[in-house]
Amino acid sequence: LPLGARWRPWPGPSIFGPGGAAGSSVALLRSLLSAPRRLEQRLGVRAMPRPRGRRMNEEKAKDSILSAPRGPVKVDKSGSVLVAIHAKPGAKANAITDMSEEAVGVAIAAPPSDGEANTELIAYLAKVLQLKKSELVLYKGSRSREKVVKIQTLLSPEEVHKRLKIAAVTN
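Quick caveat: nothing in here was measured; it's all calculated off a predicted structure.

## A word on empty space enclosed by the protein
Over the atoms, a rolling probe the size of a water molecule traces out where space has been left empty.
Alright, step 1. Evaluation of the coordinates by the stated rule reveals 1 cavity of 30 Å³ or more.
Alright, step 2. Size it by volume and the largest cavity reaches roughly 30 Å³.
Alright, step 3. Lining the largest cavity, in full, are V83, L125, L129, L136, V149, I151 and L164.
Alright, step 4. When residues of the lining of the largest cavity are traced back to their parent elements, those giving at least two are α4 (116–129) and β6 (146–151).
Alright, step 5. Considered class by class, the residues forming the lining of the largest cavity number 7 nonpolar, no polar and no charged.

Quick look at the structure:
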């Protein structure tokens, strides 16, 4: 209790104003506690310290978005490299046909039945990227033409993109 204040039972005048702690004063208190800025204005003090360096964090976020690899080669949360593939099974020979912003077009010389095209795709990509077949995993799209291949080795997205681009030019 503040100095000089008397204890009063709950149903009566109190620090919340007339009518005690019930009614509109409870609603006012709830609204003040739910909105710290309003509480700051009412009390004339800061309820919570404001975060410092907010602009700097926003700039870092923008830089990371701008520096993120663009195109079909991405990095997932775990740090693995993902390559978006548009498979074209039933071709005469394995080849990288095109590289767009969405996916790498890969012609596969295997029929799209019983996973033969997927196996051939992994073998061809391993050859192009100069990796072992065990370091590539078909991450998504086992029954679709739109696939995502995950590279489970320490290879940068830039290096993957460079190797795919070289293979696309030589075909």
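## Brief notes about the environment of E146
Alright, step 1. Of note, E146 is situated in strand β6.
Alright, step 2. For the pair formed by E146 and G105, sequence separation is 41 residues and the distance between their alpha carbons is 9.5 Å.
Alright, step 3. At 2.4 Å, the side chain of E146 forms a polar contact with the side chain of H86.

## Observations concerning the pattern of salt bridges
Alright, step 1. Summed over all chains, the structure comprises 4 salt bridges.
Alright, step 2. The shortest N-O distance in the salt bridge between D98 and K88 comes to 3.5 Å. Taken as a pair, D98 in strand β3 (residues 95–99) and K88 in strand β2 (residues 81–89) lie far apart in primary sequence, 10 residues in all.
Alright, step 3. With relative accessibility at 36%, the residue D98 sits in the partly exposed group.
Alright, step 4. Accessibility expressed as a relative area gives 27% for K88, which makes it partly exposed.
Alright, step 5. In this structure, K162 and E159 form a salt bridge, with 3.9 Å as the shortest nitrogen-oxygen distance. Of this pair, K162 and E159 both sit in helix α5 (residues 157–170), 3 residues apart, which is roughly one turn of that helix.
Alright, step 6. Owing to a relative accessible area of 46%, K162 belongs among the partly exposed residues under this scheme.
Alright, step 7. Of the residues examined, E159 reaches a relative accessible area of 23% and is grouped as partly exposed.
Alright, step 8. Residues joined by salt bridges that share partners form a network here, namely E159, K162 and R163.

## Details of the nonpolar core
Alright, step 1. Residues L136, V160 and L164 are the most contacted members of the largest nonpolar core, which totals 26 residues.
Alright, step 2. Sorting the residues of this core by element identifies β2, β4 (104–108), α4, β6 and α5 as the ones contributing at least two each.
Alright, step 3. Counting residues per element, this core draws most heavily on α4, which supplies 8 residues.

Reading guide: rules and limits
Residues numbered from 1 in each chain as written. Predicted model: local features only at pLDDT ≥ 70, side-chain atom pairs only at ≥ 80, totals over all residues. Heavy atoms only, no water. 1 Å grid on protein atoms, 1.4 Å probe; cavity = no way out; pocket = protein on both sides within 12 Å on 5 of 7 lines; lining within 4 Å. Points joined across faces, edges and corners; volume = space filled by probe spheres on them. Helix = DSSP H or I, 4+ residues; strand = E, 2+ residues; numbered from the N terminus. Nonpolar A, V, L, I, M, F, W, Y, C, P; charged D, E, K, R; others polar. Polar contact = N/O pair within 3.5 Å; in protein donor to acceptor, adjacent residues only side chain to side chain. Salt bridge = Lys/Arg side-chain N within 4 Å of Asp/Glu carboxyl O. Buried < 20%, exposed > 50% of the residue type's maximum accessible area, 1.4 Å probe, protein only. Core = buried A, V, L, I, M, F, W, Y, C linked by side-chain atoms within 4.5 Å.

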